[in-house]
Structures are given as structure tokens and as C-alpha cells.
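# Breakdown of the fold
Given next are the chains, with one letter for each unit.
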Amino acid sequence: IIAILYTSKLIKPINEMEKQLKITMDENKKAEKIRKDFVANVTHELKTPLTSISGFVETLQDGAAENPEIRRKFLDIIAIESARLKRLIEDILIISDIENKREVNTDSDINVREAIEEILAALEPILEAKKVSVSTYFAYEIYIGGNYDRFKQLMMNLIENAVKYSHDGGAIFIAAKKVEGKVHISVKDQGIGISEEHLPRLFERFYRVDKSRSQKVGGTGLGLAIVKHIAALFEAEIKVESELGKGSTFTVIFK
Ligand code: ADP
């Protein structure tokens, strides 16, 4: 009878259902592991600057504050570490907001040129400080549908990285154009570049090619994870081309 059921394909749907259930369970397990790893990473990342802050505060309280030079040095470290904590918390909140699908606002037509020009205006002080120049190319009338604030966040993270990982006096090129009906926006830098082995893991939370370098330039390791999340909201695809020592190009392709 079983053989008949098999050949008559009556038993197949049950097998399919079991297979489906197993896949769903595997996915749940994977999601749970990612969540647990994230919580562990967040805890570690938050603890590091906090430990440093409380350590320096304690040393100041124990008498180091008497020496003006040491006092200034320690206060500077405390300010830097507090700023790092603030950035980390802001980035974690952005990820959590996106995961909870909390939309900032739901405008539909995004004027790409306008959004990028606003970002560049906001970045003017760090561009000036690093003497990095930015040139742009916008094809006529480029619009995409979606949330304006999220779009700006995505582009801000890519452009900020291009600046952070550029050498002083470097050049960045931003282009927005239409290719076969799709909007392609690329951010190209001539900075430190990324070697091939790191490319597959670049968008993971807290993944950095060089942790101390990332911290020195004010990175949290969450920038590209946020980019990936927002790109998924837009159903956009991200392409990275990079060569160590030559520079990187991140391209977002909107559907
Ligand atoms: P971070 O806050 O460390 O910049 P991101 O998630 O934004 O974290 O990026 C992950 C890592 O990818 C960075 O630490 C850096 O090593 C690398 N990276 C990102 N963008 C660039 C770039 N334009 N040029 C070189 N390396 C980059």
C-alpha cells in the first residue's frame, strides 16, 4: 500500500511539508543564533568604552586631577569614549527601528540629487578637515520611491565611509544614473581599499577589516549592516568593487 501511495504521489505532500517544517526550524535556529551573537557583541562593544570612561574617572578622583596636563589628557579620552558610546547606541537604535519596521516617514518620491547634496552639506566639516574633494554626477531627474530618511541614512553611511577610509587630500566621486530602467548610485573613493577575502563579510554587524583603524576614524562596525538593512527595505542590491591600496566603489542598484 505504501508503495502505491508513493507512486501515486499521495505521500509526497507530507514529505514536502516535513521538509518545509525542517527548513523553517533551521531558519529559526539561525535567526536565534544571530540575535544571541548580536546581543553578546553589543554588550562587549558597549562595555569597552564604559570601562575606559569609569577607569579614567576613578584615576582622576584618586588624585590625577591635580595635574592639569594629565587632567586635560584624561578628560579628552573620556570625551572621545563618550562620543563612541553615543554613536554605538544611535546605530543600535537605527538597526532596531528598521527591524521593527518603524518608518521615520513614508514619503514616496525621493529626489536623489537633493538628498545627496544635503548629506554633503552635513559632511562639509569632515571633508574640510581631511581636505577630501567630492565630485558628483547626476543624470537628469533621478527619483526613487521610498522613505526619504532611510535613503539618506543609507547614502550617508556609504559616503561617510568613503571619507573615513580616504587618505587626506583624496577624491570621492558620486554618480547617480539610470541603467536599463534601474537607478544606480555609486560612491567611489581612492582610499585604502579592501582585500578580496574581507568582501563577503563586510556587511555583517561589527565586522571590521581593521578594528583599531575603524575606531580611530570613529567607526562602530555597524555602518554597512545598516546599509544592508535599508537596501533590503528598498529591495535594492549592493555591489562592492575594491582593490587594496587603490580604493573602493559601493554601488546601490534600486529596482
Ligand atoms: P565602520 O564603522 O568600522 O566603518 P562599517 O560597517 O561601516 O563599519 O564598515 C565595515 C568595515 O568595512 C570597516 O571597518 C572597514 O574596514 C571596511 N570599509 C567600509 N567602507 C570602506 C571603504 N570605503 N574603504 C575601505 N574600507 C571600507
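Residues numbered from 1 in each chain as written. Predicted model: local features only at pLDDT ≥ 70, side-chain atom pairs only at ≥ 80, totals over all residues. Heavy atoms only, no water.

### Describing the side chain of Ser195
Inspection of the secondary structure assignment puts Ser195 in the loop between β5 (182–189) and α6 (211–216). Looking at Ser195, its side chain comes within polar contact range of the side chain of Glu197, at 3.1 Å. (Helix = DSSP H or I, 4+ residues; strand = E, 2+ residues; numbered from the N terminus. Polar contact = N/O pair within 3.5 Å; in protein donor to acceptor, adjacent residues only side chain to side chain.)

### What about unusual backbone geometry?
For Lys131, which is not glycine, the phi torsion reads 55 degrees and is therefore positive. The phi torsion at Phe206 lies on the positive side, around 70 degrees, for a residue other than glycine. When you line up the elements, Phe206 lands in the loop between β5 and α6. Using a relative accessible area of 9% as the deciding quantity, one classes Phe206 as buried. (Buried < 20%, exposed > 50% of the residue type's maximum accessible area, 1.4 Å probe, protein only.)

### Quick look at the packing of aromatic side chains
For the coordinates displayed, the defined rule picks out 6 aromatic pairs. Between Phe151 and Phe254, the aromatic rings sit 5.9 Å apart at their centres with planes inclined by 55 degrees, giving tilted as the arrangement. Taken as a pair, Phe151 in helix α5 (residues 148–164) and Phe254 in strand β7 (residues 247–254) lie far apart in primary sequence, 103 residues in all. The exposure class assigned to Phe151 is buried, which follows from its relative accessible area of 0%. For Phe254, a relative accessible area of 3% corresponds to the buried category. (Phe/Tyr/Trp six-rings, centres within 6.5 Å; stacked < 30°, edge-to-face > 60°.)

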